[in-house]
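For reference, the chains in residue letters:
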Amino acid sequence: MKYAVIGTGAIGGFYGARLARSGQEVHFLLHRDYDYVRAHGLQVDSCDGSFHLDHPHIYQETSAMPACDVVLVGLKSTNNHLLTNLLPPLLHRGTLVVLIQNGIGVEEDVQRMFPDAWLAAGLAFICSAKTEPGRVNHQCYGSINIGNYSCPDEELIGRLIDELRQADITANPVEYKTARWRKAVWNMPFNGMTVALHCQTDELLRNEATRRLIRSQMMEIVRATRSMQIDGVDEDFVEQMLTTTDAMTPYSPSMRLDYDFGRPMEIDYIYSRPLQLAREAGCPMPQLEMLEAELRFLEQRKREQKGL
């Protein structure tokens, strides 16, 4: 199939580059590092084996890109308002748009923008960063689950998963709501706590007090999903996430990097939306509400320091 990548960063850059290396036709939208990648190509430094794309198909505007069968959206959700202009040139009848983004509610809002679009969630379990032009640093893990949100063509979902697997990416179909909330079990504690305490994931779990707090925050999500009658999010999964994170390389999640580099944090979808849904279900998450408030404070203070 023909692929487009909107947001060639740590995530979109990794999966798009893997697909391109496997022989798929992949078209990358670039912004700041377009000139660098045009001159030097795209480098992926990976724990599973590094590789280089000498001459990837790169663009500065989606208007110059072809319509594609699959669009991988790796933008930060804080930039989703840009999709009204970015997506239309890439769509044909039957294009699948995969939102590889954090949080709860992103598909619902993008569907409002594009009522006829076929959407799926891309749930990436990966430690990856892009902190310099044209170079993705893949540290560990790398699987992606695909949760169908509004695509009527199950064969298209299956073809996407097959081609991801052919690119040496572990990929599986999953139930949409369960998958989004299972991802929240990791995202909500670790993204915010690494910002609030200015640390990495390993430090949070080595310390007995913060490990208890992380687990307690995760259990708030478990209780909320029960109230919303969402299956597959339980105490065993919490223990699995803790064990998985214990085995990770010391990692700064995306929100920590956004804060460090002065970019807006994805507070709305990672915190505000799921917290609202939990309250509506009669099961508020007070510890995570406190963490959201701390993040709002830190973001506002940083904006004031920059004079915004």
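Scroll up a little and you will see the structure.
In this report, we go over the structure that sits alongside the text.

### Some remarks on the overall build of the protein
Turning to step 1, where the next piece is worked out: A tally of regular secondary structure across the protein gives twelve helices and ten strands.
Turning to step 2, where the next piece is worked out: The globule rule puts the C-alpha radius of gyration for 308 residues at 19 Å, and the 19 Å found for the protein is close to it.
Turning to step 3, where the next piece is worked out: Across its three principal axes, the protein shows a C-alpha extent of roughly 50 × 40 × 40 Å.
Turning to step 4, where the next piece is worked out: When each of the 308 residues of the protein is scored for burial, the buried share is 54%.
Turning to step 5, where the next piece is worked out: For the protein, long-range pairs separated by at least 24 residues make up 70% of all intrachain contacts whose partners lie at least 6 apart in sequence.
Turning to step 6, where the next piece is worked out: For the protein, the computed accessible surface area is about 13700 Å², with 47% contributed by carbon and sulfur atoms.

### Things to note about the packing of helix α6 (residues 176-196) against helix α8 (residues 208-227)
Turning to step 1, where the next piece is worked out: Orientation of α6 relative to α8, taken along the N-to-C sense of each, is 145°, at an axis distance of 9 Å. Here α6 runs over α8; the crossing is right-handed. For the pair formed by α6 and α8, the contact residues are W181, A184, V185, W186, M188, P189, F190 and M193 on the first element and L213, I214, Q217, M218, I221 and T225 on the second.

### Examining unusual backbone geometry
Turning to step 1, where the next piece is worked out: Backbone geometry places Y141, a non-glycine residue, at a positive phi of 55°.
Turning to step 2, where the next piece is worked out: Mapped onto the fold, Y141 is located in strand β9 (residues 135-148).
Turning to step 3, where the next piece is worked out: What makes Y141 partly exposed here is its relative accessible area of 36%.
Turning to step 4, where the next piece is worked out: Unusually for a residue other than glycine, Q229 sits at a positive phi of about 60°.
Turning to step 5, where the next piece is worked out: Overall, the relative accessible area of 72% leaves Q229 in the exposed class.

### Let's talk about the pairing of strand β2 (residues 25-29)
Turning to step 1, where the next piece is worked out: Most of β2 is tucked away, with four of its five residues classed as buried.
Turning to step 2, where the next piece is worked out: As paired strands, strand β1 (residues 2-6) and β2 are joined by five bridges and run parallel to one another. Counted as the bridge partner of K2 is E25 from β2.
Turning to step 3, where the next piece is worked out: Of the crossover connections in this fold, the one passing from β1 over helix α1 (residues 12-21) to the parallel β2 is right-handed.
Turning to step 4, where the next piece is worked out: Summarising the sheet, β2 and strand β5 (residues 57-59) pair through three bridges and their orientation is parallel. Across the sheet, residue L29 finds its bridge partner in β5, namely Y59.

### Quick look at the nonpolar core
Turning to step 1, where the next piece is worked out: Counting residues in hydrophobic clusters, the biggest one holds 42 residues, and the most contacted among them are M188 and Y271.
Turning to step 2, where the next piece is worked out: Those elements that place two or more of their residues in this core are α6, α7 (201-206), α8, α9 (235-246), α10 (254-260), α11 (267-280) and α12 (286-305).
Turning to step 3, where the next piece is worked out: Among the elements that make up this core, the one with the highest residue count is α6 (eight residues).
Turning to step 4, where the next piece is worked out: Not counting chain neighbours up to four residues away, the residues in contact with M188 comprise I221, I270, Y271, P274, L275, M285, L288 and L291.
Turning to step 5, where the next piece is worked out: In this structure, F28, I58, V70 and A167 belong to the second largest nonpolar core, which totals 37 residues.

### Observations regarding α11
Turning to step 1, where the next piece is worked out: With 14 residues, α11 should cover 20 Å at 1.5 Å per step; its first-to-last C-alpha distance of 19 Å lies within 8% of that length.
Turning to step 2, where the next piece is worked out: Residues I267, Y269, I270, Y271, S272, R273, P274, L275 and A278 constitute the buried set of α11.
Turning to step 3, where the next piece is worked out: On its buried face, α11 is in contact with α4 (106-113), α6, α8, α10 and α12.
Turning to step 4, where the next piece is worked out: At the C-terminal side of α11, G282 shows a positive phi close to 80°.

### Some remarks on the pattern of salt bridges
Turning to step 1, where the next piece is worked out: This structure, assessed with the given rule, holds 22 salt bridges.
Turning to step 2, where the next piece is worked out: Between D48 and R18 there is a salt bridge, with the nearest N and O atoms lying 3.7 Å from each other. Of this pair, D48 sits in the loop between β3 (42-46) and β4 (51-53) while R18 sits in helix α1, and the two are 30 residues apart along the sequence.
Turning to step 3, where the next piece is worked out: Since its relative accessible area comes to 55%, D48 is described here as exposed.
Turning to step 4, where the next piece is worked out: Taking the relative accessible area as the measure of exposure, R18 reaches 4% and is therefore buried.
Turning to step 5, where the next piece is worked out: Salt bridges sharing common partners tie together E108, D109, R112 and R273.

About the thresholds
- Residues numbered from 1 in each chain as written.
- Predicted model: local features only at pLDDT ≥ 70, side-chain atom pairs only at ≥ 80, totals over all residues.
- Heavy atoms only, no water.
- Helix = DSSP H or I, 4+ residues; strand = E, 2+ residues; numbered from the N terminus.
- Rg over C-alpha atoms; globule rule 2.2 N^0.38 Å.
- Buried < 20%, exposed > 50% of the residue type's maximum accessible area, 1.4 Å probe, protein only.
- Contact = heavy atoms within 4.5 Å.
- Areas by Shrake-Rupley, 256 points an atom, 1.4 Å probe, with all protein chains shown as cover.
- Axes fitted to C-alpha atoms, helices over the stretch in contact; angles between N-to-C directions.
- Left-handed = near helix turned anticlockwise from the far one by under 90°.
- Pairing = 2+ DSSP bridges.
- Right-handed = clockwise from strand over helix to strand, strands pointing away.
- Core = buried A, V, L, I, M, F, W, Y, C linked by side-chain atoms within 4.5 Å.
- Expected span 1.5 Å × (residues − 1).
- Salt bridge = Lys/Arg side-chain N within 4 Å of Asp/Glu carboxyl O.

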